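# Structure assessment
So the chains spell out like this:
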Protein chains: 2
Amino acid sequence: MHEILLQLRLSPSSGVPLYRQLQDQLQALIASGKLAPGSMLPSVRQLAAGLEINMMTVSKVYSRLEADGVIERLRGTGMRVAERTASRTLALRQADLIPLAEDLVMRGEQLELSPDQIVQVVRQIIARRKASS
Amino acid sequence: MHEILLQLRLSPSSGVPLYRQLQDQLQALIASGKLAPGSMLPSVRQLAAGLEINMMTVSKVYSRLEADGVIERLRGTGMRVAERTASRTLALRQADLIPLAEDLVMRGEQLELSPDQIVQVVRQIIARRKASS
DNA sequence: ATGAGTGTATAATGACAGTAATACACTGGC
DNA sequence: GCCAGTGTATTACTGTCATTATACACTCAT
């Protein structure tokens, strides 16, 4: 029984796909260091049983995290949190944000908001999240 | 034959739903004044024929635009561009942006970007769009 | 070798979104 | 009244996404 299980909670009725909830939560645990680099993740069967979902859903999450370079596969043995590799450059990480930012700006312009008014909303969200963490 | 038809172009293979493409384009034409308040829109049949899509798809777009207060329905007669009503308050329009901003900020935090680095991406998009318009 | 542990490929199912075909209800000019 | 023009309710089809059940391939300790 992995202690990690206690920190995971899925809401099947939220409309957000299970695999995405799980992926986000695992990624957050890894980013925060609660899952340390080099440590093993629970097996797909353990995690699936604990969360009462299907193995394959867990497996897909692991595959996606591996594609992101967050975890590594050890064939026949399990999945391990990757050593923190040399972080991608700032520009590269910012590039990942562009599609979301485009949506935001486009919608803001439709609402006839000025650039500063759009940015203001973003800063407000950042502040709100910082306050609640 | 409405001249408006010439300004509309749909890309069925883009992955973006037809109704959303059409809605965005019509809203842009209205916001920019190319479709003036009080003027009539093409009928659903005209528009559907011109764009080679189904009537109902056009009708759904009209319904959504009406729900947004952008156009008005004249029963049995057609749809008309609404007079520019007293614009909603700033706070109300900004509230529409919150879900998109939350996505953006959450993703930015996962990428370990600072608040300023997130905002920088947004401003970059705004500048890019201004330059190309 | 074998057994119990890994992760995964494949295929079936269920839900939902987008689009379409058809039939209906309304308006206004003749 | 009728007819040709509006928009729309209903229904059905289709494709895609999320999830699952099952069977397979690998590793390691014994």
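As the structure is a prediction and not an experimental result, all values here were calculated from the model. Positions within a chain are numbered from 1, following the residues in the order the chain's sequence is written. To label them, take the chains in the order written and letter them from A, then take the ligands in the order written and number them from 1. For a predicted model such as this one, the threshold for reporting local features is a pLDDT of at least 70, and the threshold for listing and counting side-chain atom pairs is 80 or more; totals across whole chains, interfaces and linings nevertheless cover every residue.

## Quick word on the domain arrangement of chain A
The source of the domain bounds is an automatic or database domain assignment. The domains assigned to chain A are domain 1 (3-81) and domain 2 (90-131). Computed over C-alpha atoms only, the centres of domain 1 of chain A and domain 2 of chain A are separated by 29 Å.

## Looking at the relation of the copies chain B and chain A
The copies were overlaid by least squares, fitting only the C-alpha atoms of residues that reach a pLDDT of 70 or more in each copy. Mapping chain B onto chain A leaves a residual RMSD of 0.2 Å; the transformation is a rotation of 179° accompanied by 0.0 Å of translation along its axis. This pairing of chains is accounted for by a two-fold axis. Within chain B, the C-alpha atom positioned nearest to the axis of rotation is that of Val-119 of chain B, 3.3 Å from it. Looking at the interface residues of chain B, 100% of them are also at the interface in chain A, so both copies use one shared face. Once C-beta atoms have been placed from the backbone, residue pairs whose C-beta atoms lie within 7 Å are recorded as contacts.

## Points about the pairing of strand 2 (residues 78-81) of chain A
Residues and elements named next belong to chain A. Where burial is concerned, the two faces of strand 2 differ: the one with Met-79 and Val-81 is buried and the one with Gly-78 and Arg-80 is not. Between any two strands, at least two bridges found by DSSP are needed for them to pair. Secondary structure follows DSSP: runs of H or I at least 4 residues long count as helices, runs of E at least 2 residues long count as strands, and numbering of each begins at the N terminus. Examined bridge by bridge, strand 1 (residues 71-74) and strand 2 share four bridges and lie antiparallel to one another. Paired with Ile-71 across the bridge in strand 2 is Val-81. The turn linking strand 1 back onto strand 2 is made up of three residues, and Gly-76 within it adopts a positive phi angle of 75°. For the exposure call, what matters is how many other C-beta atoms sit within 10 Å of a residue's own: 20 or more marks it buried, 12 or fewer exposed, and in between partly exposed, using C-beta atoms placed from the backbone.

## Description of the protein's contact with DNA strand C
Residues in contact with DNA strand C amount to 25 residues; listed here are only the nearest, Ser-43 of chain A together with Pro-17, Leu-18, Asn-54 and Gly-76 of chain B. For the surface near DNA strand C, the secondary structure elements donating two or more residues are helix 2 (44-51), helix 3 (55-67) and strand 2 of chain A together with helix 1 (18-31) and helix 3 (55-67) of chain B. For the surface near DNA strand C, the element with the highest residue contribution is helix 3 of chain A, accounting for five residues. Residue polarity is assigned by list, with Asp, Glu, Lys and Arg as charged and Ala, Val, Leu, Ile, Met, Phe, Trp, Tyr, Cys and Pro as nonpolar; anything else, Gly included, falls into the polar class. For the surface near DNA strand C, the residue count by class is 11 nonpolar, 11 polar and three charged. For each residue, a C-beta position is placed from the backbone atoms; the residue is near a molecule or strand when that point lies within 6 Å of it.

## A short note on the packing of helix 1 (residues 18-31) of chain A against helix 3 of chain A
Residues and elements named next belong to chain A. Angles here are taken between N-to-C directions and fall from 0 to 180 degrees, while the axes themselves are lines fitted to C-alpha atoms, restricted in helices to the stretch in contact. Contact geometry of helix 1 with helix 3 gives a least axis separation of 9 Å together with a crossing angle of 50°. Looking at the two axes, helix 1 sits oblique to helix 3. Relative to helix 3, the crossing made by helix 1 is right-handed. Residues Leu-18, Tyr-19, Leu-22, Gln-23, Leu-26 and Gln-27 of helix 1 form the contact with helix 3, whose own contacting residues are Thr-57, Lys-60, Val-61, Arg-64 and Leu-65. Among the residues forming the contact of helix 1 with helix 3, the class breakdown is six nonpolar, three polar and two charged. What sets the label is the angle itself: under 35 degrees gives roughly parallel, over 145 gives roughly antiparallel, 65 to 115 gives roughly perpendicular, and the rest give oblique. Handedness of a helix crossing follows the sense of rotation of the near helix relative to the far helix, less than a right angle counterclockwise being left-handed and clockwise being right-handed.

## Details of helix 4 (residues 90-110) of chain A
Helices are assigned an expected span. That span is 1.5 Å times one less than the residue count. With 21 residues, helix 4 of chain A should cover 30 Å at 1.5 Å per step; its first-to-last C-alpha distance of 30 Å lies within 8% of that length. We define the bend at any residue as the angle between the axes fitted to the seven residues before and including it, ending there, and the seven starting there. In helix 4 of chain A, a bend of some 40° at Ile-98 of chain A exceeds every other bend along the element, and Pro-99 of chain A, a proline, comes one to four places later. Within helix 4 of chain A, the full set of buried residues consists of Leu-97, Leu-100, Ala-101, Leu-104, Val-105 and Gly-108 of chain A. Buried residues belonging to helix 4 of chain A abut helix 5 (115-131) of chain A together with helix 4 (90-110) and helix 5 (115-131) of chain B.

## Details of helix 3 of chain A
All names here are of chain A. Compared with an ideal rise of 1.5 Å per residue, which puts 13 residues at 18 Å, helix 3 spans 18 Å between its outermost C-alpha atoms and is within 8% of the ideal. Those residues of helix 3 that fall on the buried side of the exposure criterion are Val-58, Val-61, Tyr-62 and Leu-65. Down the axis of helix 3, the smallest arc covering the buried residues is 100°, so these residues share one side. More than 90 degrees from the buried face of helix 3, the exposed residues found are Met-56 and Ala-67. In this fold, the buried residues of helix 3 make contact with helix 1, helix 2, strand 1 and strand 2. Just downstream of helix 3, Gly-69 is the residue with a positive phi angle, here 80°. To be clear, the arc concerns the directions from the helix axis to the C-beta atoms.

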